[in-house]
Amino acid sequence: MRYLARRIVHAVFLLFGVSILAFLFSTLAPGNYFDEMRLNPQISPATAAALRAQYQLDQPLPMRYARWVKSIVHGEMGFSFAYNSPVAPLLWVRARNTLFLTFIATLIAWALALPLGVWSAATLGRWPDRALSWTTATLLVIPDLVLALCLLILAVRSGWFPTGGLVSVGFENLTPLNKFRDVARHMALPVAALVLSALPLLVRHVRAAVAEVLEAPFLRAAAAHGIPRRRLLYQYALRAAANPLISLFGFSVGTLLSGSLLVEVVMSWPGLGPFLLEAILARDMYVVVGGVLLSTLFLIGGNFLADVLLYWADPRIRTRTAAR
Amino acid sequence: MTQHRRLMRWLLALGVLHGVVACAGFFAPYDPAEQDRERPYAPPARIHLMDEQGRFHLRPFCYAPKLAEDVSNSLRQETRTTLPVRFFVSGARYRLLGLVPCRLHLFGTSGARVYLLGSDGYGRDQFSRILYGGQISLLSGLLGASLTLFLGAVIGTAAGYYGGWRDELLMRAIDLFLALPWLYLLLALRAFLPLAASSLEAFLLVIVVLAIAGWARPARLVRGVVLSVKERDFVRAARGFGATHSYLLRRHILPETSSVLLTQAAILVPQFVLAEMTLSFLGLGVPEPVPSWGNLLANLQQYSVLVSYWWMYLPALAILPFFLGYLGLASVLQERMGGAYKIEGDAS
């Protein structure tokens, strides 16, 4: 347990550090929302200055940081100038969609990568392995931006999939089953883009990890005892190869999160990505900082999940920390 | 094939590809910003060797486009007039490698312009724009990667060699930078820099953003190498003979990090090229009219372009050989290191 507690403390410090850094950078940035206002001849400089004072942008930096942290505690995360509302509720709606997309994509990517990787390792050097290696190499070459665009073109040309958004018009009136089908149809392309971009790396790592374990004497002994091959591969080999793969899981969450930013923009998925981009272009500072902080939180969450899994799967970690 | 031969082969392929892009002025028939107002969205020219009578021509040619008042629906029509494609012709001025003023082009036609890969909404030649765009994208990738590797090497060496509180501090900083998803980090850094910038400023900004966003991973790898090297016997012996810190770093420690840095370079360059593309695609990178691979693809964000003009997708294909080359190079380099220092996957 002390191991997990240490990870939590570490995560909290990381979040704190990122928040300070992001806040510092954002105030050092030239130009803010009200500077853009100055370009508008209908708004007098005095009005802009008054607005700056109203939002306390004219106060010293530590004061503003303290005020901002306080507003996080209150569940507001600062104030969006463009939307004229606290940031947290705005951010939360988008973040939920991003989280949903990334979660499903992670699930599907791993559900595909594990059997494919194990299959590849089990047939090392023969045709399934070679075909899979070629496929993953091809997918690895295609960058996610191009992949997302290709899928979008497919959607537009074929008309099989909707080309944007989360739900169709008139979603509220659908029956629950049709609601589910509608969301699934909207998700298909973004999820496919994310899965295809993350899959090759995962399959290659699973293959390498399992192939290494398969040479171990204990597996030869198990095979000699007549344990069926399927059980051998999935229960014995995969379990022994789990350690590096769980670290990879934390890493894959990061890859999928940043991949989802791009996919969301390309496929107009109403997630954090388009929202953040819009805020950057409008210089809506608190939204940018909030979005960055939230993405960090998700990544740290993913890594923490990996730590928990590792703690559960690898007895060596439990005994090592207990002995200390 | 031996490992060395394979390495050389990948390097040669990459060298040729980069050479073509570096000499974009020679291979591209036209200036990338030159507009042809009468022919926006012209489809790729069909190059023929046989004419309508079935006669064979040694010199390839295409048919001249028919220009009418109503541009929109006459685009696809061709006249009977042939436009022979001539090689090594004199055309628009450019500077070879940015230095030598030159007018020689690999090919061109007299009369109407020939669009090998079609033209964009302003009637600019896509083929020329892809070649020139490669200069921006590849250069920002290469410069960004060199800068970030330099930063990573310095910081990683400092952390690993001196140890103590410096190591502790630098490692925490590395953790901080790795705590953000890569694209969010890029966007955040870009958000805190001026948005309205000239092309050159934007280009430099992108390089700076890439360098700051990417140093943490190479720094951590270099630190690991330095930590293990500084305890090796030959380094201890040199220290015993009274070698200074700078001598030890220069002669014994930095050379040992070179293979890690090289492998990281092969991984980082395509990742950074892609990052530049992403930023430009999102409108946060190099702006029009200067072409870059990212802002060429940005045209696809318009629905009409996406549906009607398939040749606007072609920039996406142009970049694949480069990524293939770097992937091959990285895998050979990784193999050569023999798994001595395990490289973490790329964080694209």
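A brief report on the enclosed structure follows. (Residues numbered from 1 in each chain as written. Chains lettered and ligands numbered in written order. Predicted model: local features only at pLDDT ≥ 70, side-chain atom pairs only at ≥ 80, totals over all residues.)

### Here we look at the overall build of chain A
Inference 1: Helices and strands together make up the secondary structure of chain A, namely 14 helices and two strands.
Inference 2: Across chain A, the fraction of contacts at a sequence separation of at least 24, relative to all contacts at a separation of at least 6, is 72%. (Helix = DSSP H or I, 4+ residues; strand = E, 2+ residues; numbered from the N terminus. Contact = placed C-beta atoms within 7 Å.)

### Details of the interface of chain A and chain B
Inference 1: Facing the 41 residues of chain A at the interface are 34 residues of chain B.
Inference 2: Listing elements by their share of the side of chain A that touches chain B, those giving two or more residues are helix 1 (2-28), helix 6 (127-141), helix 7 (144-158), helix 11 (242-266), helix 12 (272-282) and helix 13 (285-313) of chain A.
Inference 3: Its residues placed into classes, the side of chain A that touches chain B shows 32 nonpolar, eight polar and one charged. (Nonpolar A, V, L, I, M, F, W, Y, C, P; charged D, E, K, R; others polar.)

### Digging into the packing of helix 5 (residues 87-122) of chain A against helix 8 (residues 176-214) of chain A
Inference 1: Two elements in contact, helix 5 of chain A and helix 8 of chain A, have axes whose closest approach is 6 Å; the angle formed by their N-to-C orientations is 35 degrees. Along this stretch, helix 5 of chain A crosses helix 8 of chain A, giving a crossing that reads as right-handed. (Axes fitted to C-alpha atoms, helices over the stretch in contact; angles between N-to-C directions. Left-handed = near helix turned anticlockwise from the far one by under 90°.)

### Focus: the nonpolar core
Inference 1: Counting residues in each nonpolar core, the largest one holds 162 residues, and the members touching the most others are Ala148 and Val288 of chain A together with Leu186 and Ala188 of chain B.
Inference 2: Those residues in contact with Ala148 of chain A that lie beyond four places of it in its chain are Ala193, Leu262, Val263, Val266 and Met267 of chain A. (Core = buried A, V, L, I, M, F, W, Y, C linked by C-beta atoms within 7 Å. Buried ≥ 20, exposed ≤ 12 C-beta atoms within 10 Å, placed from the backbone.)

### As for unusual backbone geometry
Inference 1: Unusually for a residue other than glycine, Ser268 of chain A sits at a positive phi of about 40 degrees.
Inference 2: Relative to the helices and strands, Ser268 of chain A is located in the loop between helix 11 and helix 12.

### Observations regarding the pairing of strand 2 (residues 56-65) of chain B
Inference 1: Alignment of strand 1 (residues 48-50) of chain B against strand 2 of chain B, held across two bridges, turns out to be antiparallel. For His48 of chain B, the partnering residue across the bridge sits in strand 2 of chain B and is Phe61 of chain B. (Pairing = 2+ DSSP bridges.)

### Let's talk about helix 4 (residues 61-73) of chain A
All names here are of chain A.
Inference 1: End to end, helix 4 covers 19 Å across 13 residues, agreeing with the expected 18 Å (1.5 Å per residue, within 8%).
Inference 2: Within helix 4, only one of the 13 residues are buried, which leaves it mostly out in the open.
Inference 3: Positive phi shows up at Gly75, right after helix 4, with a value of about 80 degrees. (Expected span 1.5 Å × (residues − 1).)

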